[in-house]
Amino acid sequence: MGKVNTDNIPLTLLTEIDDAIYENSGIGLHYADETVSNEYVDQVVEILEYLGYEVKVFHNTYPRHTKSLSIDFCKPTKSHGDCELDCAIEMLTAGEAWERWCKNLDISDIVSKTYEAHKKGEALKERLNDVSSIMGGTELWWLEAYYDIHVHTIDDGNTVVFEVKEVEI
């Protein structure tokens with residue numbers, strides 16, 4: 001098994017990338033877009049590819065002297081055993097992100113069901129056990145901030161209600 005050099009890469013950069021992958025796979029997204037300083041791009045791409053991710057590099061980014069990495073983690077390019085990274089932090093392999101993504105409910109399903117119910121003048125009601133995978137802080141924030149969906153429970157917390165917030169302009 002080959003080794004990848006992780007020396008001199010800021011650990012905050014690697015943890016930001018790892019956190020983005022972890023959170024996105026948890027809410028059913030299968031990619032992460034991260035901006036990386038030009039001086040670390042080659043090493044970061046090498047690390048991510050070593051972990052089994054498909055990475056695309058885009059050169060036109062803001063701020064200057066950075067590149068945007070698009071990380072696709074729904075299709076691992078190698079098995080978990082071939083991805084042991086020798087680093088001070090443990091990073092999610094593509095296989096682990098894939099498993100996490102497969103286990104979790106796709107948040108876009110809830111968004112579309114909520115808007116379909118809203119068109120009928122109703123709120124979407126789901127059993128807690130059926131939607132527990134998206135009941136984390138990141139997922140709930142995502143629904144509020146990006147989709148204007150308010151989430152609360154009824155029936156002693158056993159039923160989750162998803163409602164479209166009416167936004168005044």
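Please refer to the structure placed before this passage.
Residues numbered from 1 in each chain as written. Predicted model: local features only at pLDDT ≥ 70, side-chain atom pairs only at ≥ 80, totals over all residues. Heavy atoms only, no water.

1. A look at the overall build of the chain
- Along the chain, the regular secondary structure elements total six helices and six strands.
- Each helix and strand of the chain, placed in order from N terminus to C terminus, yields the pattern α-β-α-β-β-α-α-β-α-α-β-β.
- Seen through its C-alpha atoms, the chain measures out along the principal axes to roughly 55 × 40 × 25 Å.
- The burial tally for the chain puts 40% of its 169 residues in the buried class.
- Restricting to contacts in the chain with at least 6 residues of sequence separation, those with at least 24 account for 67%.
- Approximately 10000 Å² of the chain is accessible, and the part contributed by carbon and sulfur atoms is 47%.
- Within the chain, the 33 negative side-chain charges are centred at a point lying 5 Å from the centre of the 14 positive side-chain charges. (Helix = DSSP H or I, 4+ residues; strand = E, 2+ residues; numbered from the N terminus. Buried < 20%, exposed > 50% of the residue type's maximum accessible area, 1.4 Å probe, protein only. Contact = heavy atoms within 4.5 Å. Areas by Shrake-Rupley, 256 points an atom, 1.4 Å probe, with all protein chains shown as cover. Lys, Arg positive; Asp, Glu negative; His and termini not counted. Charge placed at Lys NZ, Arg CZ, Asp CG, Glu CD.)

2. Details of the environment of Glu144
- Structurally, Glu144 is set in helix α6 (residues 137-147).
- Under the relative-accessibility criterion, Glu144 is labelled partly exposed at 28%.
- Measuring from C-alpha to C-alpha, the distance between Glu144 and Ile71 comes to 25 Å, with 73 residues separating the pair along the chain.
- Excluding residues within four positions of it along the chain, Glu144 makes contact with Ile149, His150, Val151 and Lys165.

3. With respect to the sheet that holds strand β6 (residues 159-164)
- Read from one edge to the other, the open sheet built from three strands follows the order β4-β6-β5, with strand pairing classed as antiparallel. Sheet topology places β4 (124-127) and β5 (149-154) at the edges, where each strand pairs with a single neighbour. The mean inter-strand angle of the sheet, taken between neighbouring strand axes irrespective of direction, is 25 degrees.
- Pairing analysis gives six bridges linking β5 to β6, with the strands arranged antiparallel. Each bridged residue has a counterpart across the sheet, and for His152 the counterpart in β6 is Val161.
- Against the sheet, α6 engages β5 and β6, with an angle of about 140 degrees to β5. (Pairing = 2+ DSSP bridges. Axes fitted to C-alpha atoms, helices over the stretch in contact; angles between N-to-C directions.)

4. Some remarks on the sheet that holds strand β3 (residues 66-72)
- Reading across the sheet, the three strands line up as β1-β3-β2 and stay open at both edges, with antiparallel pairing between neighbours. At either end of the open sheet lies a strand with only one pairing partner, and these are β1 (31-37) and β2 (54-58). Here the strands of the sheet are splayed against their neighbours by 25 degrees on average, with no regard to which way each runs.
- Where β2 lies against β3, five bridges are found, and the strand directions are antiparallel. The partner of Phe58 across the bridge, within β3, is Ser68.
- Against the sheet, helix α1 (residues 11-26) makes contact with β1 and β3, and its axis sits at roughly 165 degrees relative to β1, the strand it touches most.

5. Concerning the packing of helix α4 (residues 107-119) against α6
- For the pair α4 and α6, the least separation of the axes is 11 Å and the interaxial angle reads 45 degrees. Classified by the angle between their axes, α4 and α6 sit oblique to one another. The element α4 and its partner α6 pack so that their crossing is right-handed. Counted together, Ile107, Val111 and Tyr115 of α4 and Glu139, Trp142, Leu143 and Tyr147 of α6 form the full contact between these two elements.
- Here the residues of the contact of α4 with α6 sort into six nonpolar, no polar and one charged. (Parallel < 35°, antiparallel > 145°, perpendicular 65-115°, else oblique. Left-handed = near helix turned anticlockwise from the far one by under 90°. Nonpolar A, V, L, I, M, F, W, Y, C, P; charged D, E, K, R; others polar.)

6. Details of the side chain of Thr114
- Along the polypeptide, Thr114 turns up in helix α4.
- Residues contacting Thr114, with those up to four places away along its chain left out, are Leu124, Ile149, Phe162, Glu163 and Val164.

7. Thoughts on the nonpolar core
- The biggest cluster of nonpolar side chains holds 30 residues, and the ones touching the most others in it are Ile17, Ile21, Val44, Leu48, Tyr53, Leu69 and Met91.
- Breaking this core down by element, the ones donating at least two residues are α1, β1, α2 (38-50), β3 and α3 (94-103).
- Top contributing element to this core by residue count: α2, with seven residues.
- Residues within four places of Val44 in sequence aside, it is in contact with Ile9, Leu13, Ile17, Val36 and Leu69.
- Counting 14 residues, the second-largest nonpolar core is a separate cluster that includes Ile27, Ile110, Ile134 and Val160. (Core = buried A, V, L, I, M, F, W, Y, C linked by side-chain atoms within 4.5 Å.)

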